[in-house]
Amino acid sequence: MSLKKINTVLAAVFILFILWFGTGYILSPETTAAGFGLPNPPSGDGGGFLVVKGIRDVVLALVLGILLVTGHRRALGWALLVEALAAYGDMTTVLAHGGPVATALGVHCLTATLMVVNGLLIMRETRNAPDAAALAMSAPQPAPQPA
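These lines cover the structure that appears in this document, whether it is placed above or below. (Residues numbered from 1 in each chain as written. Predicted model: local features only at pLDDT ≥ 70, side-chain atom pairs only at ≥ 80, totals over all residues. Heavy atoms only, no water.)

On to the nonpolar core. As a rule of thumb, soluble globular proteins bury nonpolar side chains together. By size, the foremost hydrophobic cluster in this structure holds 16 residues, and its most contacted members are Ile15, Ile18, Leu64, Leu76, Leu80 and Met115. Among the secondary structure elements, those contributing two or more residues to this core are helix H1 (3-27), helix H3 (48-69), helix H4 (73-96) and helix H5 (101-125). Counting residues per element, this core draws most heavily on H4, which supplies 5 residues. If sequence neighbours within four positions are ignored, isoleucine 18 has contacts with Asp57, Ala61, Leu64 and Met115. With 8 residues, the next largest nonpolar core counts Ala33, Phe36, Val94 and Ala104 among its residues. (Core = buried A, V, L, I, M, F, W, Y, C linked by side-chain atoms within 4.5 Å. Buried < 20%, exposed > 50% of the residue type's maximum accessible area, 1.4 Å probe, protein only. Helix = DSSP H or I, 4+ residues; strand = E, 2+ residues; numbered from the N terminus. Contact = heavy atoms within 4.5 Å.)

It is worth spelling out the pattern of salt bridges at this point. For the structure shown, the criterion picks out 5 salt bridges. Across the pair arginine 73 and glutamate 125 runs a salt bridge, and its minimum N-O distance is 2.5 Å. Of the two residues, arginine 73 sits in helix H4 while glutamate 125 sits in helix H5, which places them 52 residues apart along the sequence. You can call arginine 73 buried: its relative accessible area is 9%. (Salt bridge = Lys/Arg side-chain N within 4 Å of Asp/Glu carboxyl O.)

Below, the discussion takes up the packing of aromatic side chains. All chains considered together, the criterion is met by 2 aromatic pairs. Measuring from centroid to centroid gives 4.8 Å for phenylalanine 17 and phenylalanine 21, while their planes differ by 75°, and the two rings are edge-to-face. With phenylalanine 17 and phenylalanine 21 both in helix H1 and 4 residues apart, the pair spans about one turn of that helix. Phenylalanine 17 sits in the partly exposed class, given a relative accessible area of 31%. Residue phenylalanine 21 is classed as partly exposed on the basis of its relative accessible area, which comes to 25%. When the ring of tryptophan 20 is compared with that of phenylalanine 21, the centres are 4.9 Å apart and the planes differ by 65°; the resulting orientation is edge-to-face. Under the relative-accessibility criterion, tryptophan 20 is labelled exposed at 59%. Aromatic ring contacts, followed pair by pair, group Phe17, Trp20 and Phe21 into a single cluster. (Phe/Tyr/Trp six-rings, centres within 6.5 Å; stacked < 30°, edge-to-face > 60°.)

Dropping the structure here:
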């Protein structure tokens with residue numbers, strides 16, 4: 001299996017994983033929040049922040065998905081690297097608020113680190129290859145036809 005295929009499968013798994021979690025926070029925030037790792041998830045009016053987290057996750061997944069399906073692989077690598085910061089931030093939040101270390105490291109840190117690895121692998125895969133946008137801009141343009 002080629003590096004490109006492995007990277008594509010890994011990126012697709014991340015996209016589906018992030019969409020699944022994000023959708024869970026939007027549709028059933030109280031149920032999904034237990035897996036995040038905070039000892040006291042928001043309640044009452046504060047529960048709206050769980051929906052905000054869900055919307056953030058869905059948007060992050062959609063950005064990755066658009067880059068994947070449009071063939072902008074180098075940008076996909078960069079986006080994975082940057083979006084891993086959200087998962088590292090979630091890890092830090094769980095640790096700073098007395099949540100379980102196992103959840104902080106086993107869920108958030110592991111996810112972020114795997115995103116970084118996938119992003120770096122895509123960057124390696126594309127280091128000498130121009131991206132789709134560069135190819136489109138450098139393609140020869142047809143000559144104008146007289147009327």
